[in-house]
Amino acid sequence: GLAAYFQYLLFLPVILIGPIHRMPDFQRSLRRMKWDFSQCSDGLERILYGMVKINFLGNFLFSVVLTTYARGVNTPFLRLYLEVVAFTGNAYFQFAGFSDLAIGAGLLWGIRVMENFNAPFMATNMQDFWRRWHISLSSWCRDYVFQPLVAISRNRWFALMSAMLVLALWHEISLRYIVWGSIQTILILLTAYSRKRKPTLSAFINEHPLGRWMGRIWVFHLFAFSCVFIGSENIPSLGQTCKHLFP
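The paragraphs below set out a description of the structure included in this document. (Residues numbered from 1 in each chain as written. Predicted model: local features only at pLDDT ≥ 70, side-chain atom pairs only at ≥ 80, totals over all residues. Heavy atoms only, no water.)

### Some words on a nonpolar patch on the surface
Worth spelling out the cut-off: In this scheme, patches are assembled from residues that exceed 30% relative accessible area and form no salt bridge. Like charges are connected within 9 Å, while nonpolar side chains (Val, Leu, Ile, Met, Phe, Trp, Tyr) are connected within 5 Å. Exposure was quantified through the Shrake-Rupley algorithm and a 1.4 Å probe, taking into account, for residues, occlusion by the shown protein chains and nothing else. The term salt bridge refers to a pairing of a side-chain nitrogen on Lys or Arg with a carboxyl oxygen on Asp or Glu at a separation within 4 Å. What counts as a helix is a DSSP run of H or I of at least four residues, what counts as a strand is a run of E of at least two, and both are numbered from the N terminus.
Together, Leu2, Tyr5, Phe6, Leu9, Leu10, Leu12, Ile15, Leu16, Ile17, Met33, Phe98 and Trp109 make up a nonpolar patch on the protein surface, roughly 1200 Å² of accessible area in all. For the nonpolar patch, the secondary structure elements donating two or more residues are helix H1 (2–9) and helix H4 (76–109). Sorting elements by how many residues they give to the nonpolar patch places H1 first, with four residues. Relative to the helices and strands, Phe6 is located in helix H1.

### Let's talk about the packing of helix H6 (residues 135–153) against helix H7 (residues 156–171)
Here is the rule we go by: Axis definition: a line fitted to C-alpha atoms, over the contacting stretch in the case of helices. Angles run 0 to 180 degrees between N-to-C directions. Here a crossing is called left-handed whenever its near helix is offset anticlockwise from the far helix by less than a right angle, and right-handed whenever the offset is clockwise. Working rule for contacts: check all heavy atoms of both residues, and any pair within 4.5 Å makes them a contact. When residues are sorted by character, Ala, Val, Leu, Ile, Met, Phe, Trp, Tyr, Cys and Pro go into the nonpolar class, Asp, Glu, Lys and Arg into the charged class, and all the rest, Gly among them, into the polar class.
Interhelical geometry of H6 versus H7 gives an angle of 145 degrees and a closest axis separation of 8 Å. The crossing of H6 and H7 is right-handed. Each of Leu137, Ser138, Trp140, Cys141, Val145, Phe146, Leu149, Val150 and Ser153 in H6 lies in contact with H7, whose residues at this interface are Arg156, Phe158, Ala159, Leu160, Ser162, Ala163, Val166, Leu167, Trp170 and His171. The class makeup of the residues in the contact of H6 with H7 is 14 nonpolar, four polar and one charged.

### Focus: the side chain of Thr191
Selection criterion: Between buried and exposed lies partly exposed: a residue is buried under 20% and exposed over 50% of the maximum accessible area for its type, with that area taken using a 1.4 Å probe on protein chains only.
Along the polypeptide, Thr191 turns up in helix H8 (residues 175–197). By relative accessible area, which is 10% here, Thr191 ends up buried. If sequence neighbours within four positions are ignored, Thr191 has contacts with Asn125, Met126 and Gln127.

Written out as structure tokens, the structure is:
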């Protein structure tokens, strides 16, 4: 009923920044809800992890220490490279940290909120990355955009592009996020293409220890490069950044 809907809508831990907690899962958690000391302890521990990620790793280590160090570097390429790494690292720890706060607060209530990040930079390709990054939003776009469009159009690539566009615009309705979403789509398509056309290379990246680390480094840099587009305030700023990164 209406009361149940508002109870779901106003669930405090996820009301500001997520993760996306779907109503059937929320209602299931409510039916099973009970206070448990160990669960409460896990919730407090998760909140602590979130605070460390947000304040120490994100706000201090990446936003202050690394950014300050980058500004003192004389080489334009290296300075911009470090700034891009700082922006990407801060974005991850902010998102992951606030997700930890929501999950931890939910546990204090006795309600389990779905995981939102699963070590995304341990992914060896961009398909795997998007199964690990912002899981609640990615799975929502898969279930409510990708799969219905595949059923209607019978075109997986069109459905993928549409789903990634919705995912990008969820963050911000702007040209820079449309470009960012388009880049993610291209990277996912290139991954699918290479896995089909270059099975030996894919097997090396996914199975060999050296290949896995090479894949992780590649994935991080691909995603960090795409963040240049959302980190730039305007087109001239983006142009200057790309000019220094790719002299």
